[in-house]
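Chain and residue survey
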Amino acid sequence: MASQNKQNGFMAWYFNTNLLLKILIGLVLGIITGLAAGEHILWVSPLGQIFVHLLKMIVMPIIVSTLVLGAASVNPAQLGKTGLKIFVYYILTGAIAVAIGLIAGNIFQPGKGLNLTSGTTDATVDQPSLIQTLINVIPTNFFDALSSGDVLPVIFFSILFGIGLSFLRNSNEPRLRNAGETLYTLFDGAAEIMFLIVRWILQYAPIGVFALIAVVFAKQSASTITSLGMVIVAVYLGLAFHLVVVYGGLLTLNKLSFITFLKGAREAMITAFVTRTSSGTLPVTMRRAENNLGINRKVYSFTLPLGATINMDGTAIYQGVCVIFIGFAIGAPLSFAQQVTVMLTAVLASIGTAGVPGAGAIMLLMALKAVGLPIENGSATAAAYAMILGIDALLDMGRTGLNVTGDLTGTTVVAKSEQALAMDYWDSSASQEPREHK
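This structure is a prediction, so every number in the text was calculated from the model and none was measured.

Reading guide: rules and limits
Residues numbered from 1 in each chain as written. Predicted model: local features only at pLDDT ≥ 70, side-chain atom pairs only at ≥ 80, totals over all residues. Heavy atoms only, no water. Helix = DSSP H or I, 4+ residues; strand = E, 2+ residues; numbered from the N terminus. Buried < 20%, exposed > 50% of the residue type's maximum accessible area, 1.4 Å probe, protein only. Contact = heavy atoms within 4.5 Å. Areas by Shrake-Rupley, 256 points an atom, 1.4 Å probe, with all protein chains shown as cover. Axes fitted to C-alpha atoms, helices over the stretch in contact; angles between N-to-C directions. Left-handed = near helix turned anticlockwise from the far one by under 90°. Nonpolar A, V, L, I, M, F, W, Y, C, P; charged D, E, K, R; others polar. Polar contact = N/O pair within 3.5 Å; in protein donor to acceptor, adjacent residues only side chain to side chain. Patch = residues over 30% accessible without salt bridge, like charges linked within 9 Å, V, L, I, M, F, W, Y side chains within 5 Å. Salt bridge = Lys/Arg side-chain N within 4 Å of Asp/Glu carboxyl O. Core = buried A, V, L, I, M, F, W, Y, C linked by side-chain atoms within 4.5 Å. Parallel < 35°, antiparallel > 145°, perpendicular 65-115°, else oblique. Expected span 1.5 Å × (residues − 1). pLDDT = per-residue confidence, 0-100.

The next point concerns the overall build of the chain. Assigned secondary structure in the chain consists of 17 helices and zero strands. Within the chain, the proportion of its 438 residues that are buried is 52%. Partitioning the contacts of the chain with sequence separation of at least 6, the portion at a separation of at least 24 is 83%. Summed over all atoms, the accessible surface of the chain reaches about 18900 Å², with 66% contributed by carbon and sulfur.

Next comes the structure, spelled out in structure tokens:
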């Protein structure tokens with residue numbers, strides 16, 4: 001993501017301050033104010049309601065614009081065997097990641113006993129069976145699903161539409177190709193507009209988080225801090241498990257040293273952790289792929305940019321834990337069918353939403369909507385969501401680091417299967433640094 005220009009004039013100090021720092025400050029001030037002022041701070045509730053409205057406003061336009069664009073960006077003719085392998089890898093590891101997040105959430109049960117209350121009652125939705133949930137992914141009327149906010153059918157149709165648009169763009173017939181490019185440009189422009197609107201909304205996020213959290217702590221005790229700490233623990237343990245068991249296991253199965261891999265990928269992993277951006281880390285990731293891991297450029301030049309777009313294993317774990325937290329926090333633990341719906345939503349939505357600023361928080365909105373827990377004014381769900389948003393910076397570092405590590409793991413495994421991995425980079429003992437390419 002390109003760095004934004006410094007703002008001048010009135011409120012420049014606010015707009016030039018790091019966004020995640022501002023949100024964290026909003027969380028802390030909300031906690032302190034809510035505990036200190038009690039019921040006297042409830043007048044700030046409308047400021048939180050405005051934030052809720054803004055979040056609900058962007059969900060469906062983001063789904064349609066980014067997923068169509070993401071699916072249309074992949075050229076079917078150039079996908080080939082390498083592309084198919086890496087695509088399957090990204091989808092499967094994403095599904096495993098969200099399952100790990102859900103399992104971690106069920107084990108640690110963050111938010112259990114919190115019993116968040118609100119001025120309104122959260123809507124309860126009768127959840128269909130697992131089979132019916134899978135059938136309902138296919139919309140009978142796309143526009144009806146769009147207007148009613150039915151997330152999974154909209155995701156499904158948007159991906160199909162994007163794939164069709166990709167074929168149109170690569171057609172041999174000039175008329176169809178021109179029509180495809182025109183339509184692609186339209187969705188590209190729509191997506192960029194949505195990115196801009198999201199950035200605007202995120203500038204208001206610190207105020208919205210402050211208001212929502214202040215109201216929560218005015219009504220609840222300080223025990224909510226313990227619940228948030230449990231969320232952080234569950235997420236990071238899930239990230240560590242995925243790194244060691246899933247990535248380490250895949251490398252070991254392919255007779256590649258996990259220790260050697262970590263040494264070679266170390267710089268990219270640390271850069272991603274610190275900067276919290278997969279796309280911004282891409283140049284470092286590519287350099288380490290070739291110079292430290294011996295991956296052929298023909299492989300990583302395709303797989304790594306694709307991974308920065310659709311591979312979100314860390315975000316999937318975060319999403320699994322957080323949706324479980326919200327369910328427990330509002331006294332509505334998720335059923336098995338709801339958790340399967342979370343998996344479907346996370347895997348399908350990852351195709352497009354990775355490029356969106358604040359992608360993790362937006363995907364969490366989608367998952368909550370899909371399982372019948374939409375963010376509503378004054379609802380406990382909105383309060384619990386605001387609590388997660390307040391610690392998002394701490395969670396974002398870990399999930400971005402894992403996202404980039406997953407890109408490199410998949411690229412390494414696929415490169416070996418295609419005989420595009422220089423094995424002499426891996427023959428040295430685990431105590432030695434991987435050699436730089438000369």
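We now examine the packing of helix H11 (residues 278–291) against helix H17 (residues 392–417). In the contact formed by H11 and H17, the axes pass within 11 Å of each other and the chain directions differ by 40 degrees. In the packing of H11 onto H17, the handedness of the crossing is right-handed. Contact with H11, carried on its side by Ser278, Thr281, Thr285 and Ala289, involves Thr400, Asn403, Val404 and Leu408 of H17 and no other residues of that element. Here the contact of H11 with H17 is built from residues that sort into three nonpolar, five polar and no charged.

On to the environment of Ser301, then. Inspection of the secondary structure puts Ser301 in helix H12 (residues 297–310). Judged by its relative accessible area of 39%, Ser301 is partly exposed. As a C-alpha pair, Ser301 and Ala289 span 12 residues in sequence and 9.8 Å in three-dimensional space. A distance of 2.7 Å separates a polar atom in the side chain of Ser301 from the backbone oxygen of Arg297.

So, about a nonpolar patch on the surface. Taken together, the side chains of Ile103, Ile107, Phe108, Val233 and Leu237 present a nonpolar region at the surface, about 450 Å² in accessible area. Looking at the nonpolar patch, the elements that each hand over two or more residues are helix H4 (76–108) and helix H9 (223–253). If you tally residues by element for the nonpolar patch, the top one is H4, at three residues.

Here Gln319 shows up in helix H13 (residues 313–329). Residue classification places Gln319 among the buried residues on the basis of a relative accessible area of 1%. The residues touching Gln319, leaving out its near neighbours within four places in the chain, are Ala346, Met363, Leu364 and Ala367.

Moving on: the nonpolar core. One finds Phe51, Ile63, Leu116, Val231, Phe325, Leu364 and Tyr385 to be the most contacted residues of the largest nonpolar core, which totals 124 residues. The leading source of residues in this core is helix H8 (residues 174–219), at 15 residues. With near-sequence residues (within four places) excluded, Val231 lies in contact with Pro110, Val321, Cys322, Phe325, Ile388, Ile391 and Leu395. Counting residues in each nonpolar core, the second largest holds six residues, with Ile41, Ala211, Val215 and Ala218 among its members.

With their axes 11 Å apart at the nearest point, helix H15 (residues 359–370) and helix H16 (residues 380–390) run at an angle of 155 degrees to one another. Considered as vectors, H15 and H16 are oriented roughly antiparallel to each other. Crossing hand, H15 versus H16: right-handed. The residues of H16 that touch H15, namely those facing Ala361, Ile362, Leu364, Leu365 and Leu368, are Thr381, Tyr385, Ile388 and Leu389. Grouping the amino acids of the contact of H15 with H16 by side-chain chemistry returns eight nonpolar, one polar and no charged.

Turning to helix H7 (residues 151–169), a few remarks are in order. Helical geometry: 3.6 residues make up each α-helical turn, so side chains three or four residues apart lie on a common side. End to end, H7 covers 27 Å across 19 residues, agreeing with the expected 27 Å (1.5 Å per residue, within 8%). Of the positions making up H7, those classed as buried are Val151, Leu152, Pro153, Val154, Ile155, Ser158, Ile159, Gly162, Leu165, Ser166 and Arg169.

Once that is clear, we can look at the confidence of the model for the chain. With 88% of its residues at a pLDDT of 70 or more, the chain shows a mean pLDDT of 82. Here helix H5 (residues 130–135) stands out as the element of the chain with the lowest mean pLDDT, 72, in contrast to H13, whose mean of 93 is the highest. Confidence over residues 119–125 falls short of pLDDT 50; this stretch has 11 contacts with residues more than four positions distant or in other chains.

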